[in-house]
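Structure at a glance
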Amino acid sequence: MIPVNEPLFNGKEKEYLNECIETGWVGSDGPFVRKFEENMASYIGRRYAVAVTNGTAALELAVVALGIGPRDEVILPAFTIISCAQAIVKAGAKPVLVDSDYYTFNMKVEDIEKKITPMTKAIMIVHIFGLPVDMDPILELAKKYNLKIIEDAAEMHGQTYNGKKCGSFGDISIFSFYPNKHITTGEGGMVLMDDEKLYERCKSLRNLCFSNDPKKRFIHEEIGWNLRMSNLQAALGLAQLERIDKIIEKKRWIGRKYQELLKDIEVINLPIDKTDYSENIYWVFGITLKDYYPKNAQEVMEELSKYGIGTRPFFYPMHKQPVFSRMGLFLNENYPNAEKLYDRGFYIPSGLALTEEQIVKVSEILHEVLR
Ligand SMILES: *Cc1c(COP(=O)(O)O)cnc(C)c1O
């Protein structure tokens, strides 16, 4: 079996984990947490970073920290993970969807302005699979309508847009360190920002809004969460951040290998390798079956699994989620590309531990199955 993802720990991970155990620093007050935050902030080019328990929590924190709540609207893509929409819903605000481009997988920038109303507070942009969202027009809209930007860069560690790092564009930007991300802490996430007040607010919300005054420690003015990252997790993350350039190089190498080996399969669309503003970082290698091909993604994935090839379907669009329909959200709305991406798309093994031999094997089997 070639799994869809397998992480790779070939740096100082063990050394740093040992240090946690030997020093007794396993909790969130340990030195690796601060160091990981500082190094991420400096790598992405932000003033502040707040490490949290996962990317989903990072989004929830971001929405609440920006003061978004009941009667506010936030625009986001229909084609994304549920974490994005649920962060908005849980804050009591209304998620407003736009469709995505079928080939970049990213939200259609030209559809955003039509969705702006007097209630709109923010645009949640999500960079999907490997190419960044076209940021310039969105930054202009944000300025014109005085909107906040929440940037979900969970899949984009090290990716750039016109030379500037993803994760540096949002009023708040977030990363995930789930095991299939470029950097993993097992579970983990981070929020980044430049505004000091926002930073203080995020730290407070992360830590149950304990009072800063030691005499009033257990007296709370507000409700937060416990979203603290442990020193053990940060130790893992820090070790990988030290070799992020190698990680990105490997991801792009995997992507280019697949491009070369799969280019002759006529019935599939391969991901876009380059746009005007970026080079694909191939977080995952996502392909779509052309319209005329008689089978859908589900059927092809089942066949591939018989050959021992791990795959994952694309995201199921937000407007089709039963949980949101029951809440009366997105009823009778249509986002045809998001729907088609789910029906036609899947991704193939793209984890950091993937070997050349495995890439060749996956490619041969794809040729066989899609003949
Ligand atoms: C992985 C991911 C998340 C969620 O991160 P978790 O750490 O798994 O909670 C959010 N947004 C996007 C785009 C992701 O890919």
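Note that this is a predicted model, so its numbers are computed, not measured. (Residues numbered from 1 in each chain as written. Predicted model: local features only at pLDDT ≥ 70, side-chain atom pairs only at ≥ 80, totals over all residues. Heavy atoms only, no water.)

Details of the site of the ligand
Contacts to the ligand come from 13 residues, most closely from Thr-56, Asp-152, Glu-155, Ser-176 and Lys-181. Measuring from a nitrogen atom of the ligand, one finds a side-chain N or O atom of Asp-152 at 2.6 Å. Between an oxygen atom of the ligand and a side-chain N or O atom of Glu-155, the distance comes to 2.5 Å. Protein chains bury 93% of the 380 Å² of accessible surface belonging to the ligand in isolation. Along the lines of polarity and charge, the residues of the shell around the ligand split into four nonpolar, six polar and three charged. (Near = heavy atom within 4 Å. Polar contact = N/O pair within 3.5 Å; in protein donor to acceptor, adjacent residues only side chain to side chain. Areas by Shrake-Rupley, 256 points an atom, 1.4 Å probe, with all protein chains shown as cover. Nonpolar A, V, L, I, M, F, W, Y, C, P; charged D, E, K, R; others polar.)

Concerning the sheet that holds strand E1 (residues 48–52)
The mixed open sheet is built from seven strands, whose spatial order is E1-E9-E8-E5-E4-E2-E3. Each edge of the sheet is formed by a strand with only one pairing partner; in this case those strands are E1 and strand E3 (94–98). The mean angle between the axes of side-by-side strands here comes to 20 degrees, regardless of whether they run parallel or antiparallel. Those strands touched by helix H3 (residues 55–65) are E1, strand E4 (120–126), strand E5 (148–152), strand E8 (172–176) and strand E9 (189–193), and its axis lies near 170 degrees from that of E8. (Pairing = 2+ DSSP bridges. Helix = DSSP H or I, 4+ residues; strand = E, 2+ residues; numbered from the N terminus. Axes fitted to C-alpha atoms, helices over the stretch in contact; angles between N-to-C directions. Contact = heavy atoms within 4.5 Å.)

Describing the environment of Arg-34
Secondary-structure assignment places Arg-34 in helix H2 (residues 31–44). Judged by its relative accessible area of 39%, Arg-34 falls in the partly exposed class. The spatial distance from the C-alpha of Arg-34 to the C-alpha of Ala-49 is 9.0 Å, given a sequence separation of 15 residues. (Buried < 20%, exposed > 50% of the residue type's maximum accessible area, 1.4 Å probe, protein only.)

Details of unusual backbone geometry
It is generally the case that most residues other than glycine have a negative phi and that most peptide bonds are trans. In this structure, Asn-146 takes a positive phi of about 55 degrees despite not being glycine. Along the chain, Asn-146 turns up in the loop between helix H5 (135–145) and E5. Exposure remark for Asn-146: the relative accessible area of 67% places this residue in the exposed category. If you check the backbone angles, Cys-209 has positive phi at about 55 degrees while not being a glycine. Its place among the elements puts Cys-209 in the loop between helix H6 (196–206) and helix H7 (231–241). Accessibility expressed as a relative area gives 6% for Cys-209, which makes it buried.

A word on the side chain of Asn-106
Assignment of secondary structure puts Asn-106 in the loop between E3 and E4. Overall, Asn-106 belongs to the buried group, its relative accessible area being 2%. What Asn-106 contacts, discounting residues up to four positions off in sequence, is Ser-100, Asp-101, Val-126, His-127, Ile-128, Leu-131, Pro-132 and Val-133.

Examining the domain arrangement of the chain
Each assigned domain of the chain is listed with its residue range as follows: domain 1 (13–241) and domain 2 (244–370). Look at where the C-alpha atoms of domain 1 and domain 2 centre, and you get two points 25 Å apart. Taken together, the contacts link 42 residues of domain 1 with 41 residues of domain 2. Together, the buried faces of domain 1 and domain 2 total about 3,600 Å²; carbon and sulfur atoms form 70% of this surface. On the domain 1 side of the contact with domain 2, Tyr-102, Phe-129 and His-182 bury the most area, a combined 23% of that side's loss. The interface formed by domain 1 and domain 2 holds zero salt bridges in total. For the pair domain 1 and domain 2, the number of links is 15 residue pairs in polar contact (both at pLDDT 80 or more). When contributions to the side of domain 1 that touches domain 2 are tallied by element, the ones reaching two or more residues are helix H4 (82–90), E3, strand E6 (160–161) and H7. Classifying every residue of the side of domain 1 that touches domain 2 by side-chain character gives 22 nonpolar, 13 polar and seven charged. (Domains from an automatic or database assignment. Buried area = accessible area lost by both parts, 1.4 Å probe. Salt bridge = Lys/Arg side-chain N within 4 Å of Asp/Glu carboxyl O.)

What about the pairing of E8?
In the case of a regular strand, side chains alternate between the two sheet surfaces. Most of E8 is tucked away, with five of its five residues classed as buried. Along E8, one buried face is formed by Ile-172, Ile-174 and Ser-176 and the opposite face, lined by Ser-173 and Phe-175, is buried too. Of the strand pairs in this sheet, E5 and E8 are connected by three bridges, and their pairing is parallel. Along E8, the bridge assignment pairs Asp-152 with Ile-174. Relative to E9, E8 runs antiparallel, the two sharing four bridges. Bridging across to E9, Ser-173 finds its partner in Leu-192.

Observations concerning the pattern of salt bridges
All chains considered together, the criterion is met by 16 salt bridges. Its salt-bridge partner being Lys-90, residue Glu-60 comes within 3.9 Å of it at the nearest N-O pair. Residue Glu-60 is located in helix H3, and its partner Lys-90 is located in helix H4; the two are separated by 30 residues in the primary sequence. Of the charged contacts in the structure, one is a salt bridge between Glu-200 and Lys-203, with a shortest N-O distance of 3.9 Å. Remark: Lys-203 and Glu-200 occur in helix H6; sequence separation between them is three residues, near one turn of the helix. Residue Lys-203 is classed as partly exposed on the basis of its relative accessible area of 27%. Through salt bridges with shared partners, a single ionic network connects Arg-34, Glu-37, Glu-38 and Arg-206.

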